[in-house]
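Each chain, written out:
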Amino acid sequence: MSNDDAVRAVVGEFLAALGKGDADLIAATFAEEIDWYVPGDQAQGWTGQRTRRDEVPAYFRTMWPIFVPGESETELKKILVDGPDAVILAQFTHTVQANRRRFSTPVAMHLTVENGKLVRMHLYEDTHLVAKSVGAAA
């Protein structure tokens, strides 16, 4: 298996776990020590940096309840692989529980794979739109 194929396989495992909505399974795709960064308003408990695999489930368990179950969508546009790095281009669409506001944001996710595990996940999205949507009045 080529390096690109190996990286794509790990990214595929991550995306499959994400699709199942299983925070522990998602965490299992990461190495023990990670470089995780999700920018955004600190009032949103899921944003910020994480450095350990055991911190990954809390990200999802904090974020997922903000959105209406079954009303989130991910449109995967492209996966680019270069050496150990992969970039996922997609669009996320969510409906906020508190105010029923539906919004979509383009996203890019930079992942790095080492020894069959993810060691980096940096998410790039319209953080202003997310904060505004989550905090918008009904």
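Structure: above.
These numbers come from a predicted model, not from an experiment. (Residues numbered from 1 in each chain as written. Predicted model: local features only at pLDDT ≥ 70, side-chain atom pairs only at ≥ 80, totals over all residues. Heavy atoms only, no water.)

Novice: Mind showing me how you'd approach the overall build of the chain here?
Specialist: Along its length, the chain carries four helices and six strands. Relative to the globule expectation of 14 Å for 138 residues, the C-alpha radius of gyration of the chain, 15 Å, shows essentially globular dimensions. Each principal axis of the C-alpha atoms in the chain carries an extent, and together these give about 50 × 30 × 25 Å. Expressed as a percentage of its 138 residues, the buried residues of the chain come to 40%. (Helix = DSSP H or I, 4+ residues; strand = E, 2+ residues; numbered from the N terminus. Rg over C-alpha atoms; globule rule 2.2 N^0.38 Å. Buried < 20%, exposed > 50% of the residue type's maximum accessible area, 1.4 Å probe, protein only.)

Novice: Sorry if this is basic, but what is going on with the packing of aromatic side chains here?
Specialist: Think of a pair of aromatic rings as described by two things: how far the centres are apart, and how the planes are tilted against each other in angle. All told, the structure shown has eight aromatic pairs when counted by the stated rule. Here the aromatic rings of F14 and F30 are separated by 5.9 Å at their centres, their planes lie at 85°, and the arrangement is edge-to-face. Here F14 is found in helix α1 (residues 3-20), whereas its partner F30 is found in strand β1 (residues 30-38), with 16 residues between them in sequence. Taking relative accessible area as the criterion, F14 reaches 2% and is therefore assigned buried. The exposure class of F30 is buried, given its relative accessible area of 0%. Within the aromatic cluster, the residues linked to one another by ring pairs are F14, F30, W36, Y59, F60 and W64. (Phe/Tyr/Trp six-rings, centres within 6.5 Å; stacked < 30°, edge-to-face > 60°.)

Novice: What's the story with the nonpolar core in this structure? I'm lost.
Specialist: Among soluble globular proteins, nonpolar side chains are generally buried collectively. By size, the foremost hydrophobic cluster in this structure holds 34 residues, and its most contacted members are F30 and W36. When residues no more than four places from it in sequence are discounted, the contact partners of W36 are F30, G48, Q49, R50, V56, Y59, F60, M121 and H122. (Core = buried A, V, L, I, M, F, W, Y, C linked by side-chain atoms within 4.5 Å. Contact = heavy atoms within 4.5 Å.)

Novice: I tried to follow unusual backbone geometry on my own but got confused; where do I start?
Specialist: For residues that are not glycine, phi is negative in most cases, and the peptide bond is trans in most cases. One non-glycine residue, R100, lies in positive phi territory at about 60°. Along the chain, R100 turns up in the loop between β4 (85-95) and β5 (102-114). Despite not being glycine, N115 shows a phi value in the positive range, around 50°. Along the chain, N115 turns up in the loop between β5 and β6 (117-125). We classify N115 as exposed; its relative accessible area is 81%.

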